[in-house]
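Structure at a glance
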Amino acid sequence: MSKKVIIIVSSIVGLILIGAAAYLYLSLQKQKKEKADLEQLAAMDKREMENEYSQFALQYDELKRSIRNDSLMQRLTEEENKTKDLLAELRQTKSNDAAEISRLKRELATVRAVLRSYIIQVDSLNRLNENLTRENQQVKARYNEATSQISSLTSEKQNLSDQVAIASQLDATGVSLVPQNKRGKTAKKTKDIKQFVVNFTITKNITAKTGNRHIYVRVTQPNNSVVGQSGTTKFESSSVGYSAVKVIEYTGQETRQTVYIPVSEFLSAGTYHVYIITDGNLIGSGSLTLNK
């Protein structure tokens, strides 16, 4: 073999090695970015949960200030301490600990429901006191006393209105993500998926505002890209892409919802996540792992 041939072969091998190294470097950078994006979303989810736990603990403290019932005061204190303990657990939990975060999210839904029930109880007690005060207005001395109490109750009622605003956030439970093929059957392979069907239930909440509500559904691939992105919506202090939006008429009662998301892009194997967002808040989520 001549020296010229050896030089040519060496050059070709060198170019191949350089190309392979460049490909490996770019792949590594892409993986790092995808991991960072997933970690950022998980951190945002955890931060929102911490804020809610903190707000609920404050609401219990406000409720205690508006009542004089010792038995109810004790129960509110117990629930307040439980909420603070859960908040402490959440702060010590890493955002990538999916199992623990999921458990604390379920606990958060329970805390929210319990808080709503106590807000209703306290509001009922205040209304009962107001009615009893009005019945005693026939006596002038008691009438003057009742006037003062009514003024105080008005202020307390305003505080309760502010508390209800926090407790009135909607909840989405039973969130499922179902892949379907062109015949409307459950797809077994990613290449056969023509649409995703998202099912969830908006739970009963008598403290929530009724009327038309925009429900945004965000489905993400394993690389965190949004499936069939059709726009963006507010989420906390920023905005995120969503796959579909559905306008529902919420009456305060439980309602089952289904949203269809057409698929036109290539889908890779891995874990897919679905997020339900309304009024800038994450109200429910789910996931599904698909094989190639």
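Residues numbered from 1 in each chain as written. Predicted model: local features only at pLDDT ≥ 70, side-chain atom pairs only at ≥ 80, totals over all residues. Heavy atoms only, no water.

**Digging into a positive patch on the surface**
Together, K182, R183, K185 and K194 make up a region of like positive charge exposed at the surface. Structurally, R183 is set in the loop between β1 (172-180) and β2 (195-202). For R183, a relative accessible area of 62% translates into the label exposed. (Patch = residues over 30% accessible without salt bridge, like charges linked within 9 Å, V, L, I, M, F, W, Y side chains within 5 Å. Areas by Shrake-Rupley, 256 points an atom, 1.4 Å probe, with all protein chains shown as cover. Salt bridge = Lys/Arg side-chain N within 4 Å of Asp/Glu carboxyl O. Lys, Arg positive; Asp, Glu negative; His and termini not counted. Charge placed at Lys NZ, Arg CZ, Asp CG, Glu CD. Helix = DSSP H or I, 4+ residues; strand = E, 2+ residues; numbered from the N terminus. Buried < 20%, exposed > 50% of the residue type's maximum accessible area, 1.4 Å probe, protein only.)

**Details of the sheet that holds strand β3 (residues 211-220)**
Ordered by their spatial adjacency, four strands build an open sheet running β6-β3-β8-β9, and the pairing between neighbours is antiparallel. With partners counted over all chains shown, the strands left at the sheet margins are β6 (244-250) and β9 (281-290), one partner each. Between one strand and the next, the sheet's axes are offset by a mean angle of 20°, whatever the strand orientation. Of the pairings in the sheet, the one linking β3 to β6 comprises seven bridges and is antiparallel in character. Considered in β6, the bridge of N212 is made with E249. (Pairing = 2+ DSSP bridges. Axes fitted to C-alpha atoms, helices over the stretch in contact; angles between N-to-C directions.)

**Description of the pattern of salt bridges**
Tallying each qualifying case throughout the model produces eleven salt bridges. Each of E52, R112, R116 and D171 takes part in salt bridges that share partners, so that together they form one network.

**Comments concerning the nonpolar core**
Within the largest apolar cluster, 27 residues are counted, with the highest numbers of intra-cluster contacts made by F196, V198, F200, V217, I261 and I276. Put simply, the parts of the chain that give this core at least two residues each are β1, β2, β3, β6, β7 (255-262), β8 (270-278) and β9. Looking at which element gives the most residues to this core, the answer is β2, with four residues. Setting aside anything within four residues of it in sequence, one finds F200 in contact with A172, T173, G174, V175, I215, V217, T255, R256, Q257, V259 and I276. Counting 19 residues, the second largest nonpolar core, distinct from the first, contains M49, L63, I67 and L72. (Core = buried A, V, L, I, M, F, W, Y, C linked by side-chain atoms within 4.5 Å. Contact = heavy atoms within 4.5 Å.)

**Digging into the side chain of T93**
Secondary-structure assignment places T93 in the loop between α2 (70-92) and α3 (98-135). You can call T93 buried: its relative accessible area is 8%. A distance of 2.7 Å separates a polar atom in the side chain of T93 from the backbone oxygen of E89. Those residues within four positions of T93 in sequence are excluded, and the remaining contacts are K46, E100, I101 and L104. (Polar contact = N/O pair within 3.5 Å; in protein donor to acceptor, adjacent residues only side chain to side chain.)

**Quick word on the sheet that holds β2**
Taken in spatial order, the three strands line up as β1-β2-β7 in an open sheet, and their pairing is antiparallel. Pairing within the sheet leaves two strands with one partner each, and these edge strands are β1 and β7. Between one strand and the next, the sheet's axes are offset by a mean angle of 15°, whatever the strand orientation. Bridge analysis of β2 against β7 gives eight bridges, and the strand direction is antiparallel. Across the sheet, V198 pairs through a bridge with V259, a residue of β7.

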